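Spelled out from the first residue to the last, the chains are:
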Amino acid sequence: MDSCEFSQIEQQLSPVFEQHGYEAQKLLQILLDVQEIYSFIPDEAITYIANLLSVSRVSVKAVVDFYSFLSFKSVGEYRVLFSDNITDQMLGKNELMQYFCKKMWLEPGKVSEDNLLSVDSTSCTGMCDQGPAALVNGWPLTNLDQQRLDLIAKLIRDRNPVSTWPAMLFEVKDNIYRSEILLGKPSVAGAAIKATLERGVAATLSEIEASKLRGRGGAGYSTANKWSSCRTSPGTAHYIVCNADEGEPGTFKDRVLLNSYADLVLEGMTIAAKIIGATQGFLYLRGEYRYLRRKLEEVLAQRRTAGLLGRSILGELGFDFDIEIHLGAGAYICGEESALIESLEGKSGRPRNRPPFPVTHGYLDQPTVVDNVETFACVSKIAEYDSAWFTALGTAQSSGSKILSISGDCARPGIYEYPFGVALYEIFDDCGAEDVHAVQVSGPSGTLVSCKEFRRRICFEDLPTAGALIIFNRERDILQVALNSAHFFAYESCGFCTPCRVGTQLQKKIIDKISDGYGTAYDLEELKYIGHIMRTMSHCGLGHTAANQVIDMLDKFPDAYKNKLKKLVFEPAFDLDRALEKARKITGRDDKLAHFP
Ligand SMILES: Cc1cc2nc3c(=O)[nH]c(=O)nc-3n(C[C@H](O)[C@H](O)[C@H](O)COP(=O)(O)O)c2cc1C
Ligand code: SF4
């Protein structure tokens, strides 16, 4: 179906509006539901939505265009998206995708003629501990192999609705192998809020300050400083946002926290609300984790019933706070806090100019705290126990513990909570990693560490990380790591600023050229120069870090590319004579002068 009757649209979409309301901020949530109904966003629906939300058609179209899970054209009744992280590739993703496409007589990126199926790649789906992984109509498939794909092919051919497929295909395990203060010590729902009310708001903020808690989303900013600034910023309303976008390839610890420790996270958000004076909170859940939504809604409902959310929390008059879940739609940049706020407002997730920062001008231009899932979990524990209990673990500048998502070449990929300060080599034994050659710390935007550096420690003083740790043994081709990262950033750049939009594309082309055996010494210099431009001139953190893996490879892993280079000083990136073919056809010429010598 490529177009729809207006009256039909009206009938089918009115329940969507009844659920979400008629505010422009709900645009993305509405579009996600429309995509689910039709498997695309019909042009008539764009007009209908624009009218009801009082926004222009152009604004609606811009949002559809921005998010990879939305589409103007049908993506088929079944849309299978293979996760394209380096870990999925190491586990055979490319071969499996090829196998599946051959079986279904389909080319990647195309929709079958009967509109039944499309198959494509997508950025990391956050299942690196149980890959190769994929999404089918947004639901996660794990541990894929040929046998499972045969079954999936049959289910699709028989047109079985995804909701009736065998549960084992969708099984997502927590895989927790090591616990410390966050994962190992059970908490009773409400205990931390009770402790906050007994201690008082100012004293709880002082306790968080004394705990030296730093944000777990990557940048490591002091949580107490952020909350103090927000608390004192004037505004008509204050907001709390939990950043559960978790788009950094290789990271999946927030998935586990939300699945099995949701109370801890929601409790942290509620304490934050009490401290900064917010009545509304949002949990921004990445689209890939939408399977967690129902469970999270249940936890939210239980907390309302228990008096831990809603009006007069735990009987305290005036302590009103509730949390709404907002789904993302497949855009890594929406993890950046100002892009996330744009997305929460229903717009394309383009990073804002900063300053002003969200603590003064965030959601709807009001003071807003945006924190990572794990940061809120830490706050709950600090409030329930105290700062001394928290600082007993960790290093001078990195108190407490860090949850790591470990994957790649190791026997036990999964979740490991360590005190800050743990050295890389200490981790290898625990997860069963042997003959380690390199480790990617903190995803493609982080650091590629060589074996000379395995004594380095996970902490803000040395190797900061949002949580991803991917291990590569000696069999692995490090050039493929850099190539995967270059492709990821070229795909995920939001295109707003030139250094990143152009830089990520050039970087990808040159790495491809080297990988294909056409690279030269000149290309290496180009990569360094482009990396420098992106790092220093880009508008946001995505561009600042997009060259990290490539530069680390050039600096630390010369064997990965040296024997692939041509001896020439320069080799063009494309074949000029072949590029002239089109012009020759148009002019009907094929003489000697129409060819490049
Ligand atoms: C491209 C990009 C992606 C990001 N993705 C995330 C993310 O998925 N989760 C997260 O908590 N922070 C992410 N961040 C960092 C956020 O902008 C922000 O610093 C963080 O949510 C603050 O929370 P914290 O202080 O608790 O760490 C990202 C930053 C950039 C530049
Ligand atoms: S650096 Fe990249 S992601 Fe960030 S605003 Fe510029 S183009 Fe967009």
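Structure first, text after, so check above.
Residues numbered from 1 in each chain as written. Chains lettered and ligands numbered in written order. Predicted model: local features only at pLDDT ≥ 70, side-chain atom pairs only at ≥ 80, totals over all residues.

Visitor: Where do I start with the nonpolar core in this structure?
Guide: As a rule of thumb, soluble globular proteins bury nonpolar side chains together. One finds L31, V241, V265 and A272 to be the most contacted residues of the largest nonpolar core, which totals 166 residues. Element by element, the count of residues in this core is highest for helix α12 (residues 262–276), at 10 residues. In contact with L31, other than residues within four places in its own chain, are I41, V63, V64 and L70. (Core = buried A, V, L, I, M, F, W, Y, C linked by C-beta atoms within 7 Å. Buried ≥ 20, exposed ≤ 12 C-beta atoms within 10 Å, placed from the backbone. Helix = DSSP H or I, 4+ residues; strand = E, 2+ residues; numbered from the N terminus. Contact = placed C-beta atoms within 7 Å.)

Visitor: Explanation requested: the packing of helix α9 (residues 201–211) against helix α10 (residues 223–232) in the structure shown.
Guide: The axes of two packed helices give the description: the angle between them and the distance between them. In contact at an axis separation of 8 Å, α9 and α10 are set at 145° when each is read in the N-to-C sense. Contacts between α9 and α10 involve L205, I208 and E209 from the first element and T223, A224, W227 and S228 from the second. (Axes fitted to C-alpha atoms, helices over the stretch in contact; angles between N-to-C directions.)

Visitor: How should the pairing of strand β14 (residues 468–473) be read in this particular structure?
Guide: For a regular strand, side chains alternate in direction, first toward one face of the sheet and then toward the other. Of all six residues that make up β14, five are buried, and the element is covered over most of its length. In terms of strand pairing, strand β10 (residues 401–408) meets β14 through four bridges, oriented parallel. Within the sheet, the bridge partner assigned to S407 lies in β14 and is I470. Bridge count between strand β12 (residues 436–441) and β14: five bridges; the pairing is antiparallel. Counted as the bridge partner of A438 is F472 from β14. (Pairing = 2+ DSSP bridges.)

Visitor: Can you walk me through the environment of A594 in this structure?
Guide: Structurally, the position occupied by A594 is in the segment after α24 (581–587). Taking the C-alpha atoms as reference, A594 lies 8.9 Å from D577; in sequence the two are 17 residues apart. Not counting chain neighbours up to four residues away, the residues in contact with A594 comprise R584 and R589.

Visitor: Honestly, the site of ligand 2 in this entry has me stumped. Any pointers?
Guide: Within the structure, ligand 2 sits among 14 residues, and C494, C497, C500, C540 and G543 are positioned closest to it. Taken together, the elements giving at least two residues each to the shell around ligand 2 come down to α19 (498–515) and α21 (541–545). When its residues are assigned to classes, the shell around ligand 2 shows eight nonpolar, five polar and one charged. (Near = placed C-beta within 6 Å. Nonpolar A, V, L, I, M, F, W, Y, C, P; charged D, E, K, R; others polar.)

Visitor: Whenever I open this one, the site of ligand 1 confuses me. Can you help?
Guide: Close to ligand 1 lie 22 residues; G215, G217, G335, N372 and G541 are nearest. Contributing elements (two or more residues each) for the shell around ligand 1: β9 (368–372) and α21. Broken down by element, the shell around ligand 1 gets its largest block of residues, three residues, from β9. Here the residues of the shell around ligand 1 sort into six nonpolar, nine polar and seven charged. Each of domain 3 (180–391) and domain 5 (479–564) accounts for three or more of the residues forming the shell around ligand 1. (Domains from an automatic or database assignment.)

Visitor: I tried to follow the sheet that holds strand β8 (residues 322–327) on my own but got confused; where do I start?
Guide: Sheets are built from strands paired through backbone hydrogen bonds, the pairs being either parallel or antiparallel. Across the sheet, four strands lie side by side as β8-β7-β6-β9; this open sheet has parallel pairing. The sheet terminates laterally at β8 and β9, the two strands that pair on one side only. Between one strand and the next, the sheet's axes are offset by a mean angle of 20°, whatever the strand orientation. With respect to the sheet, α12 is in contact with β6 (239–244), β7 (280–285), β8 and β9, its orientation differing from that of β6 by roughly 150°. The sheet strands contacting helix α13 (residues 293–305) are β7 and β8, and the helix crosses β8 at an angle near 175°.

Visitor: In this structure, what is going on with the environment of A306? I would like to understand it.
Guide: Within the element layout of this structure, A306 appears in the loop between α13 and β8. Judged by C-beta crowding, with 14 C-beta atoms within 10 Å, A306 ranks as partly exposed. Between the C-alpha atoms of A306 and I511, which are 205 residues apart in sequence, the distance is 55 Å. Not counting residues within four places of it along the chain, the set of residues in contact with A306 comprises A189 and G190.

Visitor: Sorry if this is basic, but what is going on with the packing of helix α8 (residues 191–199) against α12 here?
Guide: For the pair α8 and α12, interaxial distance at closest approach is 9 Å and the crossing angle is 20°. In terms of axis orientation, α8 runs roughly parallel to α12. At the point where α8 passes α12, the crossing takes the right-handed sense. On α12, the residues that touch A192, I193 and T196 of α8 are E267, T270, I271 and K274. (Parallel < 35°, antiparallel > 145°, perpendicular 65-115°, else oblique. Left-handed = near helix turned anticlockwise from the far one by under 90°.)

Visitor: Would you take a moment to explain the pairing of β10 for this structure?
Guide: The buried count for β10 comes to eight of eight residues, which makes it a mostly enclosed element. Of the two faces of β10, both are covered, the one formed by S401, I403, S405 and S407 as well as the one formed by K402, L404, I406 and G408. Taken together, the six bridges between β10 and strand β11 (residues 414–419) define a ladder with antiparallel strand orientation. Across the sheet, residue I406 finds its bridge partner in β11, namely G414. The hairpin formed by β10 and β11 contains five residues between the paired strands.

Visitor: Please clarify how helix α2 (residues 27–38) should be interpreted in this entry.
Guide: A turn of α-helix holds 3.6 residues, and therefore any two residues three or four places apart point the same way. Spanning 12 residues, α2 covers 16 Å between terminal C-alpha atoms, matching the ideal 16 Å at 1.5 Å per step. Of all the positions in α2, only L27, L28, Q29, I30, L31, L32, V34 and Q35 are classed as buried. Elements that come into contact with the buried residues of α2 comprise α1 (6–20), α3 (43–53), α4 (57–66), β8 and α14 (337–344). (Expected span 1.5 Å × (residues − 1).)

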